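A structural walkthrough
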Amino acid sequence: MIAERHPLAAPVPWPRPHGMVAYGASDAQRGRNFPKEYRLTLVDVLRRQGQSKSTAVDKLAQSEAITVTTGQQLGLGLGPLYTVVKIADTIALARALEDRLKIPVVPVFWLASEDHDAQEINHMWHGGQRFSHTVQPVQHAVGPLPASLALPALEGLHQATKGWHEQEISDRWLQIYRASNTLVEAVRALVFSYFDPQELVVLDPNDSALKQLFQPVLVREARESLVLNAWNQSKDRFPYPLDRAIAPQTINAFVFGPTGERRYSEDPLECLQLAEFTPDRLSPNALLRPIYQEWILPNVAYVGGPGEAVYWNQLPAVFEALGLPLPVFKQRSGATWLSAKGARAWERSGMDWQTLLAQTPNERKSLQEAAESAAQGPWNEWQSALENGFRVIDAQSRAMNPQMEVLAAAWRAKMSREQRKWEEHARRWARNNSEKAQDRLELVLAEALPSGIPQERRWTALWAEVQAGRNFAPQLVESLNPWTSEHLVFTPG
């Protein structure tokens, strides 16, 4: 069940910020305005990529259909958990927009198959261990590489898993990679093992037919340095500090070599010839990739993280130069899955989620002081009343006889000794209580922030499935509010 939800801070400063009122008539017309030949090509590519019997692809073939998109690198085991959250966000938004706009809306997961950053996709974490594989050559587009490259890492994961549930999941992942020819095929199959292939489209953009559609933009980029010039004209309106921006290249595309390696070309004539005659030899970089996406999809919204927001915010002038509609940018939501122990520890801590995350493991002293204060407060009130009572007894004793004063003094001394005993027991209780509170705090933080890093950036779908079952991804879709960006905390039960 969902234990707590809260809005994420600071929406991204995209020109079309997300929200229910952000979508209107122009979005409803986006599908009908999308070139018919582009749609036919897109549908044909998806069917060739193994989705020939997909209801989602059939829906996309309809002339008024539009898309909502997210994307990610081909991380081992889908990469960090936030990949799953991004896809769930996209599906939830597509459902809501279909209901709102009364037209077919298809969620799309864009596989970053042309990416060549091996260090981002070749590893995963589980149980505090890092499992990785080697990508050779390093500057190669990762999508076409053999899925067998990942097998040593997944076999190591399988050997390290504990309990039948973890082993069943890791074995299923192994079988998916063994049955796949390439990394892009494996990641597509893994996505469809968690999400309904009849609802979601998974697109590999590294396709010659799609690059042919994008040829006019590649030619303009080669001739005019479209992205660089637009950036130079508009960077004074960039909403982030300029040192966070991605430096545009003269031509914002890599060149594919004969064996699939990628490189930047410093020869404008080479890039222009490739753009005109073999556009599939060019690979859009991070700045040109959103333009490629919006050019070949009837897209109205993109779901992305804070890093993606930075480079999307560099591009409005490029969209304007191309006469391309700006999509809405929705900041992705977040999610944390707690184990049964973690959930109990959180409940007993008495803290709300934000307060708990603000704690640090070295706050034992403040926890102990709080426990001691809780014990001391009622005692102080009773002690004050007791002192007032002894004043009355002393006064009465003096009025009676000296022997009564001696008895009253002995009584007071005995009570003082008992007070010290009580206070010592109270301090011992406070120490024990604070240690237990600290243990609970450390347990929850170890799950929410493993190694000090948010769970969704460190752990994978394996953790979430162990805690919440095979259907954790569809449950996430159902739980998300499509009109806001929020963080959900899931506990067993």
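Right, let's walk through the structure included here. (Residues numbered from 1 in each chain as written. Predicted model: local features only at pLDDT ≥ 70, side-chain atom pairs only at ≥ 80, totals over all residues. Heavy atoms only, no water.)

With that out of the way, let us pick up the overall build of the protein chain. Each helix and strand in the protein chain was counted, giving 22 helices and 13 strands. Across the 493 residues in the protein chain, those meeting the buried criterion constitute 52%. In the protein chain, once contacts between residues fewer than 6 apart in sequence are set aside, the share between residues at least 24 apart is 77%. (Helix = DSSP H or I, 4+ residues; strand = E, 2+ residues; numbered from the N terminus. Buried < 20%, exposed > 50% of the residue type's maximum accessible area, 1.4 Å probe, protein only. Contact = heavy atoms within 4.5 Å.)

Before going further, it helps to spend a moment on the sheet that holds strand 3 (residues 105–111). Strand order in the open sheet made by the five strands is 6-3-2-10-11, with parallel pairing throughout. Strand pairing shows two members of the sheet lacking a second neighbour, strand 6 (201–203) and strand 11 (328–331), which therefore form its edges. The average undirected angle you get between the axes of adjacent strands in this sheet is 25 degrees. Here three bridges tie strand 3 to strand 6, and the two strands are oriented parallel to one another. Of the residues in strand 6, the one forming a bridge with Phe109 is Val202. (Pairing = 2+ DSSP bridges. Axes fitted to C-alpha atoms, helices over the stretch in contact; angles between N-to-C directions.)

Structurally, Asn313 is set in the loop between helix 14 (306–312) and helix 15 (316–322). By relative accessible area, Asn313 is classed as buried at 7%. In terms of polar contacts, Asn313 uses its side chain to reach the backbone carbonyl oxygen of Ala309, at 2.7 Å. Not counting residues up to four positions away in its chain, the partners in contact with Asn313 are Pro13, Trp14, Pro15, Phe238, Pro239 and Tyr240. (Polar contact = N/O pair within 3.5 Å; in protein donor to acceptor, adjacent residues only side chain to side chain.)

So, on to the pattern of salt bridges. Applying the stated rule across the entire model yields 18 salt bridges. Between Asp44 and Arg48 there is a salt bridge whose closest N-O contact spans 3.4 Å. On the criterion of helical spacing, the pair formed by Asp44 and Arg48 is a turn pair, its members being four residues apart in helix 2 (residues 36–51). The closest approach of N and O atoms between Glu308 and Lys86, which form a salt bridge, is 2.9 Å. Placement of Glu308 in helix 14 and of Lys86 in helix 4 (residues 82–101) is noted, with a sequence separation of 222 residues between them. Each member of the pair Glu308 and Lys86 is classed as buried. In this structure, a network of salt bridges that share partners links the residues Asp44, Arg48 and Asp207. (Salt bridge = Lys/Arg side-chain N within 4 Å of Asp/Glu carboxyl O.)

As a further point, take the pairing of strand 4 (residues 123–126). Every other side chain in a regular strand lies on the same face of the sheet, so the side chains alternate between the two faces. Pairing geometry for strand 4 and strand 5 (residues 129–132), over four bridges, is antiparallel. Each bridged residue has a counterpart across the sheet, and for His126 the counterpart in strand 5 is Gln129. Hairpin geometry of strand 4 and strand 5 is characterised by an intervening segment of two residues between the two adjacent antiparallel strands and by a positive phi of about 60 degrees at Gly127.

Once that is clear, we can look at the sheet that holds strand 8 (residues 262–264). Ordered by their spatial adjacency, three strands build an open sheet running 8-7-9, and the pairing between neighbours is antiparallel. Edge strands, defined here as strands with exactly one partner in the open sheet, are strand 8 and strand 9 (282–284). The sheet shows a mean angle of 40 degrees between the axes of neighbouring strands, taken without regard to direction.

With that settled, the discussion passes to the packing of aromatic side chains. All chains considered together, the criterion is met by 18 aromatic pairs. With 4.9 Å between their ring centres and 25 degrees between their planes, Tyr302 and Trp312 make a pair best called stacked. You can see Tyr302 sitting in strand 10 (residues 299–304) and its partner Trp312 sitting in helix 14, a full 10 residues away along the chain. Overall, the relative accessible area of 0% leaves Trp312 in the buried class. With 6.1 Å between their ring centres and 45 degrees between their planes, Tyr302 and Phe329 make a pair best called tilted. One end of the pair, Tyr302, is in strand 10; the other, Phe329, is in strand 11, with 27 residues separating them in the sequence. (Phe/Tyr/Trp six-rings, centres within 6.5 Å; stacked < 30°, edge-to-face > 60°.)

For the rest of this paragraph, the subject is the packing of helix 10 (residues 215–224) against helix 11 (residues 226–234). Their axes nearest at 6 Å, the elements helix 10 and helix 11 cross at an angle of 65 degrees. In this view, helix 10 runs roughly perpendicular relative to helix 11, as classed from their interaxial angle. Contact with helix 10, carried on its side by Arg220, Glu221 and Glu224, involves Leu226, Val227 and Asn229 of helix 11 and no other residues of that element. Across the contact of helix 10 with helix 11, the residue classes tally to two nonpolar, one polar and three charged. (Parallel < 35°, antiparallel > 145°, perpendicular 65-115°, else oblique. Nonpolar A, V, L, I, M, F, W, Y, C, P; charged D, E, K, R; others polar.)

With that out of the way, let us pick up the nonpolar core. The biggest cluster of nonpolar side chains holds 56 residues, and the ones touching the most others in it are Leu203, Ile291 and Ile296. The biggest single contributor to this core is helix 2, with five residues. Not counting chain neighbours up to four residues away, the residues in contact with Leu203 comprise Leu42, Val45, Leu46, Gln49, Val108, Phe109, Trp110, Leu111, Leu210, Ile296 and Leu297. Counting residues in hydrophobic clusters, the runner-up holds 55 residues, among them Ile121, Val202, Leu462 and Phe490. (Core = buried A, V, L, I, M, F, W, Y, C linked by side-chain atoms within 4.5 Å.)

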